[in-house]
Amino acid sequence: MPTGICGVSIENWSGRILYDVALAVERIAASRAAIDAVDPSAMLVGRHKNFRTLDMNVGDSIARAVAYSNAGADILFVPLILDHGAVAELLEAIAPKPVNVVVHRYDDTIRAFAEMGVRRCSVGASLAKAA
């Protein structure tokens, strides 16, 4: 039965700490099962707050995105992977699932990401900061 919900975003951040990979993946898998039991048409976003851990490298961020994808996330949101080479790696690693990134500049960067295959660019708080 459709719920009217189009998507659910599952965080991997407690408000104090980044969940370890196993717990974060378990949360994604449990969310996928719950969504599918009620409304399989609702999208599950696997959101990785990689910027909360200063020593998190791009490879670890991509590995988490892959794990979330494999656990049932329909779209992956990895906010601070902005290097075009790293974004290309992320896109390849989770293809054909869509990727969402955060942008801070409103120039050709957005077009370049779209041409690479990024399907959503969020602005986060950067619009408010620019204003």
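These notes cover the structure that comes with them. Since we're looking at a predicted model, the values are computed, not measured.

**Description of the side chain of N100**
Piece 1. You can see N100 is positioned in strand β4 (residues 99–102).
Piece 2. Residue class for N100 comes out buried when judged on its relative accessible area of 2%.
Piece 3. Only 3.1 Å separates the side chain of N100 from the side chain of S122, close enough to count as a polar contact.
Piece 4. Beyond its immediate sequence surroundings of up to four residues, N100 is in contact with I75, L76, F77, V78, R120, C121 and S122.

**Focus on the side chain of N12**
Piece 1. In this fold, N12 is placed in the loop between β1 (7–10) and α1 (21–38).
Piece 2. Looking at N12, the relative accessible area reads 1%, which means it is buried.
Piece 3. Here the side chain of N12 touches H48 through a polar contact of 2.7 Å, side chain to side chain.
Piece 4. Polar contacts involving the side chain of N12 include one to the side chain of Y68, which spans 2.8 Å.

**Things to note about α1**
Piece 1. For α1, which comprises 18 residues, the first-to-last C-alpha distance of 26 Å matches the rise-based estimate of 26 Å (1.5 Å per residue) to within 8%.
Piece 2. Regarding α1, the residues found buried are A24, I28, S31, R32 and I35. Looking straight down α1, one finds its buried side chains confined to an arc of 100°; they lie on one side. Exposed residues pointing more than 90 degrees away from the buried face of α1 are listed as A22, E26 and A37.
Piece 3. In the core, the buried residues of α1 are packed alongside β1, β2 (43–47) and α2 (58–71).
Piece 4. Two or three places before A22, at the opening of α1, D20 has a side-chain oxygen 3.2 Å from that residue's backbone nitrogen.

**Here's the deal with the nonpolar core**
Piece 1. Judged by nonpolar contacts, the single largest core of 25 residues is most densely connected at I28, I81 and L90.
Piece 2. Mapped onto this core, the elements with two or more residues apiece are α1, α2, α3 (84–94) and β4.
Piece 3. The element contributing the most residues to this core is α3, with five residues.
Piece 4. In this structure L90 touches I62, A65, V78, I81 and V99, once residues within four positions along its chain are discounted.

**Thoughts on the pairing of β4**
Piece 1. The two faces of β4 match: V99 and V101 on one face and N100 and V102 on the other face are all buried.
Piece 2. Crossover strand β3 (residues 75–77) to β4 through α3 is right-handed.
Piece 3. Pairing analysis gives three bridges linking β4 to strand β5 (residues 120–122), with the strands arranged parallel. If you follow V101 over to β5, its bridge partner there is C121.

Definitions and limits used
- As a convention, each chain's residues are numbered from 1 in the sequence order in which they are written.
- For a predicted model such as this one, the threshold for reporting local features is a pLDDT of at least 70, and the threshold for listing and counting side-chain atom pairs is 80 or more; totals across whole chains, interfaces and linings nevertheless cover every residue.
- Based on all heavy atoms of the structure, the side-chain values leave hydrogens and waters out of the count.
- Note on conventions: DSSP H or I runs of at least 4 residues are helices, E runs of at least 2 residues are strands, and numbering of each starts at the N terminus.
- Buried means the residue's accessible area, taken with a 1.4 Å probe over protein chains only, is under 20% of the maximum for its type, while exposed means over 50%, and partly exposed covers the values in between.
- We call two N or O atoms a polar contact when they sit within 3.5 Å, provided that within protein one can donate a hydrogen and the other can accept it, with sequence-adjacent residues counted only if both atoms are side-chain atoms.
- Here, residues are in contact when the closest pair of their heavy atoms is within 4.5 Å.
- Helix span is expected to be 1.5 Å times the residue number reduced by one.
- When we speak of the arc, we mean the arc of directions from the helix axis to the C-beta atoms.
- Only buried residues count toward a nonpolar core, which is a set of Ala, Val, Leu, Ile, Met, Phe, Trp, Tyr and Cys residues joined through side-chain atoms within 4.5 Å.
- Note on handedness: a clockwise path from strand one over the helix to strand two, with the strands aimed away from the viewer, defines a right-handed crossover.
- Pairing between strands is defined by DSSP: at least two bridges between them are needed.

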